[in-house]
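Geometric and topological summary
If you want the building blocks of each chain, they are given just below.
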Amino acid sequence: MNQLIVAKFGGTSVADHQAMSRCAAILEQNPHTRLAVLSASSGVTNLLVALASGEHQPAHRAELLQQLNDIQQGILTSLGNPEMLSRHIEEILHHIKELSDSAAISPSKALNDEIVAQGELMSTRLFVELLRQRGTPAVWFDVRRIMHTDDRFSRAAPDLGALARAAVAELQPLCEKQLVVTQGFIGAASDGRTTTLGRGGSDFSAALLGEALEASAVEIWTDVPGIYTTDPRLVTEARAIPEISFSEASEMATFGAKVLHPATLQPAVRRQIPVFVGSSKAPEAGGTWIRNATPQAPLFRALALRRNQVLLTLTSLNMFQAHGFLAEVFGILAKHKISVDLITTSEVSVSLTLDAGAELLTDEVQAELGKHCHLKVEHGLALVALIGNRMSEVSGTGSRVFQALENVNIRMICYGASPHNLCFLVNDDAAAGVVQDLHQTLLPA
Ligand code: ADP
Ligand code: ASP
Ligand code: MG
């Protein structure tokens, strides 16, 4: 392991010139930070996703392009419209217009990724210029040269071996010499086509690059000073957690704490790289360190909420005293690359939640499952996860939780598989209230 630190700056952190300047100051404070991984400026990816969807009328597309243009031009103007960079950004914006016109005629997943990747390509260009003007020279690096992925567009998976080899050969020598600025979220398939790692994927990119470069730490700079006991937008009493273990933070990310992309901690755990989460708006406020072990391991640590859950209940009389039914069901889901989150079973039925939205549960998948069983699909649900330590070992845990939920209709419960979580499904419209009540009862200040 070397001294190198990877710092990731999210969308709000690079929203405009002022926000980018705060990120530059963070980098300038620590000479060990040699790699900056950037998201697109706030709002840009949403605009690009809309442009890539291909559904819009020309007038609406023009409106979206105008909004995109305004964000980028705002930063360029603050930078004094340097000629070469202005021309380059113009070219990218023109390219986006052409690609979105093509998407309107014939949208495709590959085209989607090519379009949405432009946000990170622009923010990194602008940031390098901002650093140059501050007297902090940095080199721009196209991460697609090393972030090799499969070709599952919009949710591509990295090829870890290829990434590690390419990072050592191409990126490490640059980082040894100077600060390098690169893109989060994007990668390239083996045929060179641009891919993306899923929304919010820049956190994951930073951790993957940290792993490949054997970094001593990965810093995630965002708009909140750390990981909170729950989403501070949902519960105003939520507070930052100074230190949290990999296991707990992974559960939080998996079960909806948006502050970290769900896969972020996998590379960090593999290499035991500590991860810091802090606010680029208030770096002096400190933040959260995520490590292998922490001095304190409270029974209840945090709450996470994931909305838009799909509950699938499969019923088959053949399941009664039979074997092989579950294998068949999971075989079909695996074939379609659908992963299952929670699962409960009864004598003749199995209920499961899917980690992605309903879009993966296509008619084809439903028809295939329907050959083996009766299918019920329920929407409008939310998954609440209580995260902590030794929860499956300490007596009374369940009763404390369910006392606080006396008046709530709990649709499904998962408890016991991990000492770190207790999850349950509730109706979406009750979810915010459930989190607020549980926070007040189980995580009081
Ligand atoms: P970025 O653009 O920097 O990646 P995100 O919007 O993806 O930032 O993540 C930061 C947001 O995550 C916060 O503004 C907050 O509302 C939300 N969030 C959800 N759960 C938590 C939590 N437990 N702790 C802190 N922030 C959380
Ligand atoms: N820009 C991408 C998104 O908005 C990736 C990221 O910000 O992490 O999803
Ligand atoms: Mg994010």
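Residues numbered from 1 in each chain as written. Chains lettered and ligands numbered in written order. Predicted model: local features only at pLDDT ≥ 70, side-chain atom pairs only at ≥ 80, totals over all residues. Heavy atoms only, no water.

**Structural notes on the site of ligand 2**
The line we're drawing: Put simply, a residue is near a molecule or strand once any heavy atom of it comes within 4 Å of that molecule or strand. Under the rule applied, a polar contact is a pair of N or O atoms within 3.5 Å (in protein, one hydrogen donor and one hydrogen acceptor; residues adjacent in sequence only if both atoms are side-chain atoms). Method for areas: the Shrake-Rupley scheme with a 1.4 Å probe, in which residue coverage is limited to the protein chains shown. Amino acid classes used here: Ala, Val, Leu, Ile, Met, Phe, Trp, Tyr, Cys and Pro are nonpolar; Asp, Glu, Lys and Arg are charged; the rest, including Gly, are polar.
Every residue lining ligand 2 is accounted for by Ser39, Ala40, Thr45, Glu120, Phe185, Arg199, Gly200, Gly201 and Ser202. Between Thr45 and ligand 2, the recorded distance is 2.7 Å, taken from a side-chain N or O atom to a nitrogen atom. Note that an oxygen atom of ligand 2 is positioned 3.4 Å from one of the backbone N or O atoms of Gly201. Coverage of ligand 2 by the protein amounts to 87% of the 260 Å² it exposes when considered alone. Along the lines of polarity and charge, the residues of the shell around ligand 2 split into two nonpolar, five polar and two charged.

**Concerning the UniProt feature "domain: Aspartate/glutamate/uridylate kinase" (unreviewed entry) in the chain**
Heads up, the rule is: UniProt positions are given in the numbering used here, feature names are shortened, and annotations may be inferred rather than shown by experiment. Helix numbering and strand numbering both begin at the N terminus, where a helix is a DSSP run of H or I of at least 4 residues and a strand a DSSP run of E of at least 2.
Per the UniProt annotation, the sites labelled "domain: Aspartate/glutamate/uridylate kinase" (unreviewed entry) are residues 4-278. Each end of residues 4-278 is marked by a C-alpha atom, and these two atoms are 18 Å apart; helix forms 49% of the span and strand 14%.

**Overview of the pattern of salt bridges**
If charged atoms from side chains of opposite charge come close, those side chains can pair. Definition in use: Only one rule defines a salt bridge in this text: a Lys or Arg side-chain nitrogen within 4 Å of an Asp or Glu carboxyl oxygen. Each residue's exposure class comes from its accessible area (1.4 Å probe, protein chains only) as a fraction of the maximum for that residue type: buried when under 20%, exposed when over 50%, partly exposed otherwise.
One pass over the full model with this rule turns up 20 salt bridges. In this structure, Asp101 and Arg61 form a salt bridge, with 3.2 Å as the shortest nitrogen-oxygen distance. Of this pair, Asp101 sits in helix H4 (residues 83-105) while Arg61 sits in helix H3 (residues 58-78); the two residues are 40 residues apart in sequence, bridging distant segments of the chain. By relative accessible area, which is 24% here, Asp101 ends up partly exposed. In this structure, Asp191 engages Arg193 in a salt bridge whose closest nitrogen and oxygen atoms are separated by 2.9 Å. Using a relative accessible area of 39% as the deciding quantity, one classes Arg193 as partly exposed. Salt bridges linked by common partners bring Arg61, Lys97 and Asp101 together as one network.

**What to know about the sheet that holds strand S16 (residues 421-427)**
To be explicit about the condition: Note: two strands are recorded as paired if DSSP finds a minimum of 2 bridges between them. To get an axis, fit a line to the C-alpha atoms, keeping to the stretch in contact for a helix; angles then go from 0 to 180 degrees between the N-to-C directions.
What the six strands build is an open sheet, ordered S12-S13-S11-S14-S16-S15; its pairing is antiparallel. Only two strands of the sheet have a single partner each, and these edge strands are strand S12 (340-345) and strand S15 (410-415). Looking at each pair of strands side by side, their axes are set apart by 30° on average, direction ignored. The pairing of strand S14 (residues 374-388) with S16 spans seven bridges and is antiparallel. Each residue of the ladder has a partner; that of Ile387, found in S16, is Asn421.

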